[in-house]
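Descriptive structure summary
Spelled out from the first residue to the last, the chains are:
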Amino acid sequence: MRAGDDTKGMKLCVLGSGSTGNCVYAASETTHILIDAGLSAAETIRRLESIGAPARDIGAVCVTHEHADHVDGLAALHRRIRAPLYANAGTIEALEKNPKLQRLPWNVFATGHPFRVGTLRMAPFSVPHDSYDPVGFVVSREDAGAEPAVARIGVMTDAGMATELIRTRLRGCRAVALEANHDLDLLRESPRPWGLKQRIASRQGHLSNAQAAELIAEIAGPELKVVFLAHLSGECNRPELAVGAVTRMLEAKGILGVEVKLTYPDRPSEVAEC
Ligand SMILES: [Zn+2]
Ligand SMILES: [Zn+2]
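Report on the accompanying structure. Keep in mind the model is a prediction, meaning the values are calculated, not measured.

What follows covers the coordination of the zinc ion (ligand 1). For the zinc ion (ligand 1), every protein donor is listed as His65 (NE2), His67 (ND1), His129 (NE2) and Asp158 (OD), and the spread of their distances is 2.2 Å. Each of the four donor atoms bound to the zinc ion (ligand 1) contributes to angles spanning 88 to 168°, and the resulting shape is irregular. In primary-sequence terms, the residues that donate to the zinc ion (ligand 1) follow H-x1-H-x61-H-x28-D. Distance-wise, the zinc ion (ligand 2) is placed 3.6 Å from the zinc ion (ligand 1), both being coordinated by aspartate 158. Among the residues examined, histidine 65 registers a relative accessible area of 1% and is labelled buried.

What follows concerns the packing of helix H8 (residues 209-219) against helix H9 (residues 239-252). Following both chains from N to C, one finds H8 and H9 inclined at 35°, their axes separated by 9 Å at the closest point. Crossing hand, H8 versus H9: right-handed. In contact with Asn209, Ala213, Glu214, Ile216 and Ala217 of H8, H9 contributes Leu241, Ala242, Ala245, Val246, Met249 and Leu250. Of the residues assigned to the contact of H8 with H9, the class counts are nine nonpolar, one polar and one charged.

As a further point, take the pairing of strand S5 (residues 85-88). Burial along S5 is two-sided: the residues Leu85 and Ala87 and Tyr86 and Asn88 are all buried. Both S5 and strand S6 (residues 106-109) contribute to a ladder of four bridges, which runs parallel. Each residue of the ladder has a partner; that of alanine 87, found in S6, is valine 108. With helix H4 (residues 89-95) bridging S5 and the parallel S6, this β-α-β connection has right-handed handedness.

On to the packing of aromatic side chains. Inspection of every chain in the model, using the stated rule, returns three aromatic pairs. Judged by centre distance (5.0 Å) and plane angle (10°), the ring pair of tyrosine 86 and phenylalanine 115 falls under stacked. One end of the pair, tyrosine 86, is in strand S5; the other, phenylalanine 115, is in strand S7 (residues 115-117), and 29 residues separate them in sequence. Here the two residues tyrosine 86 and phenylalanine 115 agree in accessibility, since each one is buried. On the numbers, 5.0 Å between centres and 10° between planes, the contact of phenylalanine 109 with phenylalanine 115 is stacked. The class of phenylalanine 109 is buried, set by a relative accessible area of 6%. These aromatic residues form a ring-pair network of at least three members: Tyr86, Phe109, Phe115 and Phe137. The cationic tip of arginine 267 hangs over the ring face of tyrosine 264; the distance from NZ or CZ to the ring centre is 3.7 Å.

So, on to the sheet that holds strand S3 (residues 32-35). Pairing in this open sheet of seven strands is mixed, and the strands run S6-S5-S4-S3-S2-S1-S14 from one edge to the other. Two strands in the sheet have a free side with no partner beyond their single neighbour: S6 and strand S14 (272-273). Where S3 meets strand S4 (residues 58-62), four bridges bridge the pair, whose relative direction is parallel. By the bridge assignment for S4, histidine 32 is matched with isoleucine 58. Contacts from helix H3 (residues 74-81) reach S3, S4, S5 and S6 within the one sheet, and its direction differs from that of S4 by about 165°.

About the thresholds
- Counting starts from 1 at the beginning of each chain's written sequence and moves along it residue by residue.
- Both sets of labels track the order of writing: A upward for chains, 1 upward for ligands.
- Local features are withheld for residues below a pLDDT of 70 in this predicted model, meaning they are given only at 70 or higher, and side-chain atom pairs are given and counted only at 80 or more; totals for whole chains, interfaces and linings count all residues.
- Only heavy atoms go into the side-chain values, all of them from the structure, while hydrogens and water stay out.
- A donor here means an N, O or S atom no more than 2.8 Å from the metal, or no more than 3.2 Å when the metal is Na, K or Ca. Since water is not included, a site may seem to lack partners.
- For a four-donor site, all angles between 85 and 135 degrees give tetrahedral; for four or six donors, opposite pairs above 155 degrees with the remaining angles between 65 and 115 give square planar or octahedral; all remaining cases count as irregular.
- In this scheme, a residue with accessible area under 20% of its type's maximum is buried, one over 50% is exposed, and one in between is partly exposed, where area comes from a 1.4 Å probe on protein chains only.
- Lines fitted to C-alpha atoms define the axes, with helix axes restricted to the stretch in contact, and inter-axis angles between N-to-C directions lie between 0 and 180 degrees.
- The helix count covers DSSP runs of H or I at least four residues long, the strand count covers runs of E at least two residues long, and both are numbered beginning at the N terminus.
- By definition, any crossing whose near helix is turned counterclockwise from its far helix by less than a right angle is left-handed, and any crossing with a clockwise turn is right-handed.
- It only takes one pair of heavy atoms within 4.5 Å for two residues to be counted as in contact.
- Under the scheme applied, nonpolar residues are Ala, Val, Leu, Ile, Met, Phe, Trp, Tyr, Cys and Pro; charged residues are Asp, Glu, Lys and Arg; polar residues are all the others, including Gly.
- Pairing between two strands is assigned when DSSP locates at least 2 bridges connecting them.
- Crossovers are described as right-handed under a simple rule: with the strands pointing away from the observer, the path leading from the first strand over the helix to the second runs clockwise.
- The pairing test for Phe, Tyr and Trp rings, Trp by its six-membered ring, is centres within 6.5 Å, and the orientation test on the planes gives stacked under 30 degrees, edge-to-face over 60, and tilted for anything in between.
- Criterion for a charge above a ring: Arg CZ or Lys NZ at most 6 Å from the ring centre, at most 35 degrees from the ring normal.

Here it is as structure tokens:
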């Protein structure tokens, strides 16, 4: 840590990740937010409490895109905790086609334009994925002493490829939750229909372990301390393959000091302090 750097109080935990439901918790000392609500409301609340973050403290639920594994619990969670909801216009338009998700009280953000929730600055950036207007987020503190906002946490699941914009946004983060969806060989060998395999591997699909490893090596600066590997496919990936691909790449590039951690469909990850 650099002298004078105010690093206290940012936390990142992937409450659940995978095709069965995605939900990420990020917080400053005083502001707590969720990115996506793909777990059931009851499970989200239970997992928040298990990491010592009461659900009533959630100040916003920010949605990356409209796919069910990111929004299935949204309406019920909103009824339970009443936290303000944030998404861009494209995602809201897509969500409103779903009868369960109509007439929610949205706060609309514009992709590329940061907005503020309490002491957190949420910076949504565009990612390539087969949905209306998918985003990742960089979350940073914007309270006294943190001006201009220092990038702290990057969250990006569901992206078919790493773009220059993604690399630029995720550089300088201290903790990153990033998709490592599939091992390309396991995907090729899987009994899934050809069209689905094509979709997953496409530039609008999901990041493979190799793509995630390459991206992490590209964004890893002296600030980066921890990477959570998220959205692992249950059928086309294995935790040791994802972690192995990333750690081998970091070693090969001589990048030291980055902890590579897993996320899980059925339980929260570790809580990273950054
Ligand atoms: Zn998706
Ligand atoms: Zn997804």
